[in-house]
Amino acid sequence: MTSSTAAPTDTYRLGDRDVRRMGYGAMQLAGPGVFGPPRDRDEAIAVLREAVASGVNHIDTSDYYGPFVTNELIREALHPYPVDLVIVSKVGAVRSDDAAWHPAQSPAELVAAVHDNLQRLGLDQLHAVNLRRMDDHGSNDPIEPQLGALARLQQDGLVRHIGLSNVGAEMIDRARSVTAIACVQNEYNLVHRGDDALIDSLAADGIAYVPFFPLGGFSPLQSAALDDVATALDATPMQVALAWLLHRSPNILLIPGTSSRGHLRENIAASSLVLSNDALTRLNAIGTSARIAEPTN
């Protein structure tokens, strides 16, 4: 007999607001490589409108997606915004004409980026802004002055909450000595599970965890076990991967991105999948196998 587990909760607190755990990430609305205009502008607008009409009330974006493309699309599609819509942006990078990503981590650059996001989104206040650390791209700027600049914007009413992206536990502890942290956005999915302990620690403190690349990013997740569980549920493997994240911890908020209404509907439907304990055991083993297979040098 297959044992079952309870359905995951539908909402979690992001700062001072409860949001639906299945949100939407706007990154894929930009052109190839997250650069330039969308392939189909009308479809991009339709995706945003259908997401909100379907109950999504948490949208993740950034002025450096495009650059500027996704924020301008969000404003065109949704402004004036529904009262329950939470828009979260991130700062810490800029794009050059060759589509490269460059750190923009000084306090002055971060402040300018917040103002640019507000202007293009047509907002007086961002519900949350994530400081995207770019250490893997050569920036070693200390985090305390960066967060101090964002905290001053918070005091001025331009930012309601502050989050972090691409950070480890030690960096989070340092950040929390400067200001309250509402959310953490790192890479995490069924296979890449280096943040297992961090997720549990943040959950204990009531801090939301928002995985980027929840479906593997530009290399989609692949696993025979994932395929088998999906077949048994009459779902797609990607739906099961999203459902696993929702079962993983109640503080996980999902922001899968797509430029297609069909894929949007599949993603939203994943929030209603209930995974049995047997299915969870098989899926959990995928991450264990992946860690064992990783090189040690």
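Quick notes on the rules
- Residues numbered from 1 in each chain as written.
- Predicted model: local features only at pLDDT ≥ 70, side-chain atom pairs only at ≥ 80, totals over all residues.
- Heavy atoms only, no water.
- Pairing = 2+ DSSP bridges.
- Helix = DSSP H or I, 4+ residues; strand = E, 2+ residues; numbered from the N terminus.
- Buried < 20%, exposed > 50% of the residue type's maximum accessible area, 1.4 Å probe, protein only.
- Expected span 1.5 Å × (residues − 1).
- Contact = heavy atoms within 4.5 Å.
- Axes fitted to C-alpha atoms, helices over the stretch in contact; angles between N-to-C directions.
- Left-handed = near helix turned anticlockwise from the far one by under 90°.
- Nonpolar A, V, L, I, M, F, W, Y, C, P; charged D, E, K, R; others polar.
- Parallel < 35°, antiparallel > 145°, perpendicular 65-115°, else oblique.
- Salt bridge = Lys/Arg side-chain N within 4 Å of Asp/Glu carboxyl O.

Caption draft 1: Looking closely at the pairing of strand 2 (residues 17–20). Across four bridges, the pairing between strand 1 (residues 11–14) and strand 2 is antiparallel. In the sheet register, R13 faces strand 2, and the bridge partner there is D18. Taking the residues that link successive antiparallel strands as the turn, the strand 1-strand 2 hairpin has two residues, and the phi of G15 there is positive, at about 75°.

Caption draft 2: Up close: the environment of E72. Assignment of secondary structure puts E72 in helix 2 (residues 69–78). In this structure E72 comes out as partly exposed when scored by relative accessible area, which is 40%.

Caption draft 3: Summary view of helix 1 (residues 41–53). The end-to-end C-alpha distance of helix 1, which contains 13 residues, comes to 18 Å, matching closely the 18 Å that a straight helix rising 1.5 Å per residue would cover. Those residues of helix 1 not exposed but buried are E43, A44, I45, A46, V47, L48, E50 and A51. Structurally, helix 1 contributes buried residues whose contacts are with strand 3 (24–25), strand 4 (58–60), helix 2 and helix 9 (261–269). G55 occupies a position one or two residues after helix 1 and carries a positive phi of about 105°.

Caption draft 4: Representation of the sheet that holds strand 3. Judged by pairing direction, the sheet is parallel, and its seven strands sit side by side in the order 3-4-5-8-9-10-11 without closing on themselves. Across the chains shown, the open sheet's two edge strands, defined by having one partner strand only, are strand 3 and strand 11 (208–209). Bridge count for strand 5 (residues 86–91) against strand 8 (residues 126–132) is four bridges, and the pairing is parallel. Bridge pairing links K90 to N130 in strand 8. The sheet contacts of helix 4 (residues 143–155) involve strand 8 and strand 9 (159–165), and relative to strand 9 the element is tilted by about 160°.

Caption draft 5: Representation of the packing of helix 3 (residues 107–121) against helix 4 in the model. Following both chains from N to C, one finds helix 3 and helix 4 inclined at 35°, their axes separated by 8 Å at the closest point. Pair helix 3 / helix 4 crosses with right-handed handedness. Residues P107, L110, V111, V114 and H115 of helix 3 form the contact with helix 4, whose own contacting residues are P145, Q146, A149, L150 and L153. Counted by class, the contact of helix 3 with helix 4 contains eight nonpolar, two polar and no charged residues.

Caption draft 6: Region of interest: the packing of helix 1 against helix 9. Packing of helix 1 against helix 9 brings their axes to within 9 Å, and their N-to-C directions diverge by 25°. The angle between helix 1 and helix 9 places the two elements in the roughly parallel class. Once helix 1 is placed against helix 9, the crossing between them reads as right-handed. Judged by residue contacts, E43, A46, V47, E50 and A51 of helix 1 engage R261, L264 and R265 from helix 9. Split by residue class, the contact of helix 1 with helix 9 holds four nonpolar, no polar and four charged.

Caption draft 7: Geometry of the side chain of T179. Here T179 is to be found in the loop between helix 5 (169–176) and strand 10 (183–185). Residue classification places T179 among the buried positions, given a relative accessible area of 11%.

Caption draft 8: Region of the structure containing the pattern of salt bridges. The tally for this structure, following the rule as stated, stands at 16 salt bridges. One salt bridge in this structure joins D205 and R176, with 2.9 Å as the shortest N-O distance. Of this pair, D205 sits in the loop between helix 6 (196–204) and strand 11 while R176 sits in helix 5, and the two are 29 residues apart along the sequence.

Caption draft 9: Summary view of the pairing of strand 9. Burial within strand 9 is extensive, with six of its seven residues counted as buried. Strand direction decides the pairing type here: strand 8 and strand 9, joined by six bridges, are parallel. Across the sheet, the residue bridging to V129 is I162, located in strand 9. Sheet topology places strand 9 next to strand 10; three bridges connect them, and they run parallel.

Keep in mind these values describe shape, not function.
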